[in-house]
Amino acid sequence: MTVHRLSRTEARRVAVRAQLLQKERPTDLLDLVRHLTMLQLDPTAAIAPNADLVAWSRLGSSYAPAELTAALEKRRLIELAAMLRPAEDLALYRAQMAAWPGTGKLRDWQVSLREWVRANDACRRDILDRLGSSGPLTSRELPDTCAVPWSSTGWTNNKNVIKLLDIMVARGEVAIAGRRGRERLWDLASRVYPDDPVVPAAEAARVRDERRLRSLGIARARAAESPTEAWDVGEAGEPAVVEGVKGTWRVHPVYLDQPLSGRAFPGRAALLSPFDRLVHDRRRTLELFDFDYQLEMYKPAAKRRWGYFALPILYGDRLVGKLDATADRKAGLLRVHAIHQDVPFTKVISAAVHREINDLARWLKVDPSLPG
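Only a predicted model underlies this, so the values are computations on that prediction, with no experimental measurement involved.

Calculation rules
- Residues numbered from 1 in each chain as written.
- Predicted model: local features only at pLDDT ≥ 70, side-chain atom pairs only at ≥ 80, totals over all residues.
- Heavy atoms only, no water.
- Helix = DSSP H or I, 4+ residues; strand = E, 2+ residues; numbered from the N terminus.
- Buried < 20%, exposed > 50% of the residue type's maximum accessible area, 1.4 Å probe, protein only.
- Contact = heavy atoms within 4.5 Å.
- Core = buried A, V, L, I, M, F, W, Y, C linked by side-chain atoms within 4.5 Å.
- Expected span 1.5 Å × (residues − 1).
- Arc of directions from axis to C-beta.
- 1 Å grid on protein atoms, 1.4 Å probe; cavity = no way out; pocket = protein on both sides within 12 Å on 5 of 7 lines; lining within 4 Å.
- Points joined across faces, edges and corners; volume = space filled by probe spheres on them.
- Nonpolar A, V, L, I, M, F, W, Y, C, P; charged D, E, K, R; others polar.
- Pairing = 2+ DSSP bridges.
- Axes fitted to C-alpha atoms, helices over the stretch in contact; angles between N-to-C directions.

(A) Region of the structure containing the environment of Ser 261. Assignment of secondary structure puts Ser 261 in the loop between strand S9 (248–251) and strand S10 (269–271). Accessibility expressed as a relative area gives 53% for Ser 261, which makes it exposed. Along the chain, Ser 261 and Tyr 93 lie 168 residues apart, while their C-alpha atoms are 38 Å from each other. Ignoring any residue separated from it by four or fewer positions in sequence, one finds Ser 261 in contact with Glu 10 and Arg 13.

(B) A look at the nonpolar core. Counting 71 residues, the largest nonpolar core has Ile 218, Leu 278, Leu 360 and Leu 364 as the members making the most contacts within it. If you look at the next biggest cluster of nonpolar residues, it comprises 37 residues, including Leu 113, Ile 127, Ile 176 and Trp 186.

(C) Region of the structure containing helix H6 (residues 108–119). Given a rise of 1.5 Å per residue, 12 residues ought to cover 16 Å, and the 17 Å separating the end C-alpha atoms of H6 matches this to within 8%. If you check which residues of H6 are buried, you get Gln 110, Leu 113, Trp 116 and Val 117. Relative to the axis of H6, the buried residues are bounded by an arc of 125° and lie together on one face. Away from its buried face by more than 90 degrees, H6 exposes Asp 108 and Arg 118. Elements in contact with the buried residues of H6: helix H7 (121–134) and helix H8 (160–170).

(D) Region of the structure containing the environment of Leu 364. Looking at the secondary structure, you find Leu 364 in helix H12 (residues 347–364). The buried category is assigned to Leu 364, whose relative accessible area is 15%. When near neighbours in sequence (up to four residues on either side) are disregarded, Leu 364 contacts Ile 47, Ala 48, Ala 327, Arg 329 and Leu 334.

(E) Just empty space enclosed by the protein, in detail. The final tally for this structure, using the stated rule, is 4 cavities of 30 Å³ or more. Roughly 90 Å³ of internal volume is contained in the largest cavity. As for the largest cavity, its lining consists of Thr 37, Arg 85, Asp 89, Leu 92, Tyr 93, Arg 208, Arg 211, Arg 212 and Glu 229. Per-element accounting of the lining of the largest cavity gives the leading share, 3 residues, to helix H10 (residues 201–216). In terms of residue class, the lining of the largest cavity is made up of 2 nonpolar, 1 polar and 6 charged. Taken as a whole, the second largest cavity holds about 60 Å³ of empty space. Together, Gln 19, Leu 36, Met 38, Leu 39, Gln 40, Asn 50, Val 54, Arg 58, Phe 275, Asp 276 and Arg 277 line the second largest cavity. The set of elements that each furnish at least two residues to the lining of the second largest cavity consists of strand S2 (39–40) and helix H3 (50–59). Ranked by the residues each element gives to the lining of the second largest cavity, the list is headed by H3, at 3 residues. Along the lines of polarity and charge, the residues of the lining of the second largest cavity split into 5 nonpolar, 3 polar and 3 charged.

(F) Representation of the sheet that holds S2 within the structure. Across the sheet, 3 strands lie side by side as S2-S4-S3; this open sheet has antiparallel pairing. At either end of the open sheet lies a strand with only one pairing partner, and these are S2 and strand S3 (77–80). Across the face of the sheet, helix H2 (residues 29–36) comes into contact with S2, S3 and strand S4 (83–86) while running at roughly 105° to S4.

Encoded structure:
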């Protein structure tokens, strides 16, 4: 197979197009999620919840968060492992669930999880019985009859029901059926997931890799493990090398049929969530975009370079800066603390970025408040 040779500019344009961040915007939320494959959930809402912020950055201020709520209530989107996924995609995970905690030689942590669940099998069955008769319920409404407590140095220490529910999701036994306020509602998976034919594990993994590459455009075949969604794509797509970057990549061929060079790239300005898939893999972001970025909300304020929840700023095929802003809903303001320029902004870039800031404020139904 031919190895495609791409410049960094061409690789970036593939990535931007794949993430639906070029000038022509998508118009439908469900089609957007199907293409991106998922929207990541995160409790941080310094500006807006991540799922909504990612949707707004693509759809624009015509997008209403109520659309996402309705899609969840109608079970067109389903929450799985802190991701909102198209309901039909659950068939790609059921075989993996049935094989929990894995196949072949298990790692030590997988063995430990299996043994802990076995030790608490009576509690697992008690939870299934309660959900079967009274679900959906919050975790606090479920019985904790665990014989062996969950031991952890983190916040989950002795949080037996919560930990067991997470494992039961991974096993395909229970599912998140909705939310009551910020609390998750749990129910039997058979009541939540579509009754679609299960895709065999090997085929499902291949399809997930192909869809992930289509949403990313260009990615590594192998990458470091991620606690959320994988960054690598296996053998999906076709091999490629990027000028000035070591190693090989995989590129989705659908983007190679479009013009990638010259000045005619139909880009635009966009304000991105720190969890946006264009920048989520920080190593890929540095290699392709030469963009140094970290989410700094866990750092002491004095050690932050860009701000608590700085938004990467995209312009065309370049990541050009960071927006340090917070939504002060009580005051009715989008407070812009700073606009950090990684490259000097031209008048055109500056005007485009300010239009996006104004659009973000309009979508949030607040007024923009800029420094100075």
